[in-house]
Amino acid sequence: MNKLLICLIAALTSTASVLPVLAQDVASVEVDPVFIAPPQTPLAQTIKKGLTATYYDATKDSTAYAEAQKLYFFYGARHFEPIWLNEAAAGQVAFSALAEKILKLFAAAANEGLRPQDYLTSDLDVTDVGSDPVRIAALEIAFSRATMRYATHIYTGRIVPSSVSQSIDIAPKKLDEAGLLAQLASSPDPVKVLATLEPIYPEFLALKAALTNFDQTQTDRPMQIRAGAILHPGMSDTRVPVLRQRFELADAANTLYDDNVVEAIKAFQRTRNLAVDGVMGPATLAELNGGAPLTKADILANMERWRWMSRDLGAFNVLVNIPEFRLSINRDSKEEYTTRVVVGAIGHQTPIFSDNIRHIVVNPYWNVPNSIIKNEIAPAVLRNPDYINSHNYDLLYNGSPVSTGSVDWNQISASNFPFRVRQRPGTSNALGQIKFLFPNKHDVYLHDTPSKSLFARDSRALSHGCVRVQNPMEFAGALMINETKISRSSLEGMLGTAERQVNLEHQIPVHIAYFTVRVAPDGTLRSFGDIYGHNAKLIAAMGLDSPASVLEMVAAADDGTISP
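### A look at the overall build of the protein
Thinking step 1. Secondary structure assignment for the protein yields 19 helices and 19 strands.
Thinking step 2. The long-range share in the protein, meaning contacts at least 24 apart out of those at least 6 apart in sequence, stands at 65%.

Right under this line is the structure:
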């Protein structure tokens, strides 16, 4: 608000009927010359009197002094006319028609997933000001602050993302408060002005709509199937008739998990991006039951995360949703391609941020991060120096490869390991055959992997932080659709032992996100595990009631590999 009011001086200064400002020690303030328009109504004279008293009562060089000066200059630029107050027929102060419209918006804030009490505070009590000019001026300013608070909340959210986790690297969007307040002051419909700040993403709007009929949504959950043993083809189980009824299969009372049921389950698994094996395991059962039961807090937390997102995701973009273990390529908010991914384990969380894919590297070297060298590779090498060669690594000293046989390992320890390590290109390389780079401070990227079996798991939080792509060349082909010089076939033609980098003509926005509730194409809500606990922490930060959250603990990969 401090920045807002001084910025508005230039925007709102009138060129007619202005007088030099007369205020304490203005000459000592390092600002451009300011002209103050004289008040033209009794209420404006009252506002000026109240602001002047506050200004003179403040201690010079204090925060209160600086704010009082900015307020004086702001309202002085508009003849001290209030935006939110007017004088009723009997002479008492009342809210303006503009303010009344916004008060109704505050009262209905729950429809936006916000809290009315954050805006309808005791500071907005118009009956308590009487004729005291200081109180009248304070009420005017309090209303501006409440309006900017509301605008900020619908535009960029209530919670600073990094306060939930340091791995959430999203800077809150900057609201042009000066321009907004000027627009509100001159608009006959402030509600429409504020509505333009709301996110326009289809999924956000669907979540907002779900709030209005949330109770009905919960009663419309599909027929529930009780938990029990994993069902494999050929088994008999009392739950099978429920499945037959669900999929409208013949022989409804039959308890045999036969081919008809298996094929119906496979078809369902395809629609939910699950492993298509025809087995009714925990993940498939959860999806059959409509996912984990949702609370309003879950919807509100995911709406908050959409507010954190950039206003412009890019007409053609990549979205990685960590809880879903899935990547999608989207054009104009419609999904064009999707594939499974592996994300960071709980101890090596994939950070949440946005960037642009700029380069593709075929046959990449893997430059092993220091943390992995210290904690994993160095101890392995000290036990067996041949570990370097057997895993296709290079041992580097001052940037040059050295032979493990030339090192006196008796002088080396895990805490004093002076070498860098890189893995040579090849089929066993931890990055696979291709990686997609969007240079960032987290050193995270998308890449291939030799550990293809991990994609068959339903829970795939298994990497050291990077995102592994199940079908990287297929993904590359879909990603390069707008490129004139790069294609899937041209990239496959580069496969070999020499590292090759290609630069994209068009940078592609990539968003690594964390949504625990998504809206399916048929409009139903799908929920996903809170693998890092971000959702529970955000719900707590927002002050929402929620059942105790139990984190979905995902075991680290135990396939004998070390990888990003």
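### Description of the environment of Ile 154
Thinking step 1. For Ile 154, the location among the structural elements is in helix H5 (residues 133–156).
Thinking step 2. Along the sequence, Ile 154 and Arg 307 sit 153 residues apart, while their C-alpha atoms lie 7.2 Å from each other.

### What about the packing of H5 against helix H7 (residues 177–186)?
Thinking step 1. Packing of H5 against H7 leaves a shortest axis separation of 11 Å and a crossing angle of 115 degrees. Remark: the crossing between H5 and H7 carries right-handed chirality. Where H5 approaches H7, its residues Ser 144, Thr 147, Met 148, Ala 151 and Thr 152 are matched on the opposing element by Glu 177, Leu 180, Leu 181 and Leu 184.

### Structural notes on the pattern of salt bridges
Thinking step 1. Under the criterion given, the structure shown has 21 salt bridges.
Thinking step 2. Among the salt bridges present, the one from Lys 441 reaches Asp 169, with a minimum N-O distance of 3.6 Å. With Lys 441 in the loop between strand S13 (434–437) and strand S14 (446–447) and Asp 169 in the loop between helix H6 (161–164) and H7, the pair connects residues that are 272 residues apart, well separated along the chain.
Thinking step 3. A single network of salt bridges, built from pairs that share partners, joins Glu 203, Glu 324, Arg 326, Glu 335 and Arg 518.

### A closer look at the packing of helix H2 (residues 42–57) against H5
The relative placement of two packed helices comes down to the angle between their axes together with the axis-to-axis distance.
Thinking step 1. Packing of H2 against H5 brings their axes to within 7 Å, and their N-to-C directions diverge by 95 degrees. Put simply, H2 runs roughly perpendicular to H5. Contacts between H2 and H5 pair Leu 43, Thr 46, Ile 47, Lys 49, Gly 50, Leu 51, Ala 53 and Thr 54 from the former with Pro 133, Val 134, Ile 136, Ala 137 and Glu 140 from the latter.
Thinking step 2. Its residues placed into classes, the contact of H2 with H5 shows eight nonpolar, three polar and two charged.

### A closer look at the sheet that holds strand S11 (residues 400–402)
Thinking step 1. The antiparallel open sheet is built from four strands, whose spatial order is S9-S12-S10-S11. Since the sheet does not close on itself, it has two edges, and those belong to strand S9 (366–367) and S11, each with one partner.
Thinking step 2. Here two bridges tie S9 to strand S12 (residues 420–423), and the two strands are oriented antiparallel to one another. Note on S12: the bridge partner recorded for Asn 367 is Arg 422.
Thinking step 3. Sheet strands touched by helix H15 (residues 370–383): S9, strand S10 (393–397) and S12. Its angle to S12, the strand with the most contacts, is close to 95 degrees.

### Let's talk about the packing of aromatic side chains
Where two aromatic rings form a pair, the distance of their centres and the angle of their planes describe that pair.
Thinking step 1. Following the criterion strictly, the structure yields 23 aromatic pairs and no others.
Thinking step 2. Ring centres of Tyr 514 and Tyr 532 lie 5.9 Å apart, and the angle between their planes is 25 degrees; on these two criteria the pair is classed as stacked. You can see Tyr 514 sitting in the loop between strand S17 (500–513) and strand S18 (517–519) and its partner Tyr 532 sitting in the loop between strand S19 (525–527) and helix H19 (534–541), a full 18 residues away along the chain.
Thinking step 3. According to the relative accessible area criterion, Tyr 532 is buried, its value standing at 3%.

### Quick word on helix H9 (residues 202–212)
Thinking step 1. Glu 203, Phe 204, Leu 207, Lys 208, Ala 210 and Leu 211 are the residues of H9 that are buried. Buried residues along H9 cover an arc of 155 degrees about the axis, so they all sit on one side.

### Re the confidence of the model for the protein
Thinking step 1. Looking at the protein, pLDDT values average 85 and 88% of them are 70 or higher.
Thinking step 2. Contacts for the low-pLDDT stretch residues 1–31, under 50 throughout, to residues beyond four places or in other chains number 59 contacts.
Thinking step 3. Between residues 546–561, whose pLDDT stays under 50, and residues either more than four places distant or in other chains, the model counts 27 contacts.

### A closer look at the nonpolar core
Thinking step 1. Grouped together as the largest cluster of nonpolar side chains are 93 residues, with contacts concentrated most on Val 318, Ile 357, Phe 417, Leu 446, Phe 475 and Leu 491.
Thinking step 2. When residues in this core are grouped by element, the largest group, seven residues, is from helix H14 (residues 296–308).
Thinking step 3. Excluding residues that lie within four positions of it along the chain, Phe 475 makes contacts with Val 318, Leu 327, Ile 329, Tyr 337, Phe 436, Leu 446 and Val 469.
Thinking step 4. Core analysis: the next-biggest nonpolar cluster, separate from the first, contains 50 residues, Phe 73, Tyr 119, Ala 142 and Leu 197 among them.

### Examining the side chain of Ser 167
Thinking step 1. Relative to the helices and strands, Ser 167 resides in the loop between H6 and H7.
Thinking step 2. Polar side-chain contacts of Ser 167 include one of 2.9 Å to the side chain of Ser 165.
Thinking step 3. Excluding anything up to four places from it in sequence, Ser 167 contacts Gln 349, Pro 351, Ile 352 and His 534.

### A look at the pairing of strand S6 (residues 326–331)
Thinking step 1. Within S6, five of the six residues are buried, which leaves it mostly tucked inside the rest of the structure.
Thinking step 2. Here strand S5 (residues 316–321) pairs with S6 via six bridges, running antiparallel. Residue pairing in the sheet places Asn 321 in a bridge with Arg 326 of S6.
Thinking step 3. Counting the residues between successive antiparallel strands, the hairpin from S5 to S6 contains four residues, one of them, Phe 325, with a positive phi of roughly 55 degrees.
Thinking step 4. In this structure, S6 lies alongside strand S7 (residues 334–344), joined through six bridges in antiparallel fashion. Bridge pairing in S7 links Leu 327 to Thr 339.
Thinking step 5. From the end of S6 to the start of S7, which pair antiparallel, there are two residues, and Asp 332 there has a positive phi angle of about 50 degrees.

### Details of H19
Thinking step 1. For H19, the set of buried residues is His 534, Asn 535, Leu 538 and Ile 539. Seen end-on, H19 carries its buried residues on one side only, within an arc spanning 135 degrees.
Thinking step 2. Its buried side turned inward, H19 meets H6 and H14.

### Some thoughts on the environment of His 153
Thinking step 1. As for its position among the elements, His 153 is in helix H5.
Thinking step 2. Accessibility expressed as a relative area gives 11% for His 153, which makes it buried.
Thinking step 3. Residues His 153 and Leu 197, spaced 44 residues apart in sequence, show a C-alpha to C-alpha distance of 9.4 Å.
Thinking step 4. What His 153 contacts, discounting residues up to four positions off in sequence, is Leu 114, Asp 118, Tyr 119, Arg 158 and Arg 307.
Thinking step 5. A distance of 2.7 Å separates the side chain of His 153 from the side chain of Tyr 119, its partner in a polar contact.

Conventions we followed
Position numbers for residues start from 1 in each chain and track the written sequence from start to end. This being a predicted model, a pLDDT of at least 70 is required before a residue's local features are given, and a value of 80 or more before pairs of side-chain atoms are given or counted; all residues contribute to the totals for chains, interfaces and linings. Side-chain measures here rest on the full set of heavy atoms in the structure, leaving out hydrogens and waters. Helix and strand definitions follow DSSP, with helices as H or I runs of at least four residues and strands as E runs of at least two, each counted in order from the N terminus. Contact criterion: two residues are considered in contact whenever any of their non-hydrogen atoms come within 4.5 Å of each other. Axis lines are fitted through C-alpha atoms, for helices just across the contact stretch, and the angle between N-to-C directions can take any value from 0 to 180 degrees. Note: crossing handedness is left-handed where the near helix turns anticlockwise from the far helix by less than a right angle, and right-handed where it turns clockwise. Any carboxyl oxygen of Asp or Glu that lies within 4 Å of a side-chain nitrogen of Lys or Arg is treated as forming a salt bridge with it. Angles are sorted into four bins: roughly parallel if under 35 degrees, roughly antiparallel if over 145, roughly perpendicular if 65 to 115, and oblique for all others. Classification convention: Asp, Glu, Lys, Arg as charged; Ala, Val, Leu, Ile, Met, Phe, Trp, Tyr, Cys, Pro as nonpolar; all other residues, Gly among them, as polar. Think of it this way: DSSP has to see at least two bridges between two strands before they count as a pair. Any two of the Phe, Tyr and Trp rings considered here, Trp counted by its six-membered ring, make a pair once their centres fall within 6.5 Å; the pair's planes then place it as stacked at under 30 degrees, edge-to-face at over 60, or tilted in between. A simple rule labels every residue: compare its accessible area, found with a 1.4 Å probe on the protein chains alone, to the largest value its type can have, and call it buried under 20%, exposed over 50%, or partly exposed in between. Starting at the helix axis, one direction is taken to each C-beta atom, and the arc is that of these directions. The score called pLDDT rates the predictor's confidence residue by residue, from a low of 0 to a high of 100. Put simply, buried Ala, Val, Leu, Ile, Met, Phe, Trp, Tyr and Cys residues joined by side-chain atoms within 4.5 Å make one nonpolar core. Pairs of N or O atoms within 3.5 Å make up the polar contacts considered here, provided that, within protein, one atom can donate a hydrogen while the other can accept it, and that residues adjacent in sequence are counted only when both atoms are side-chain atoms.

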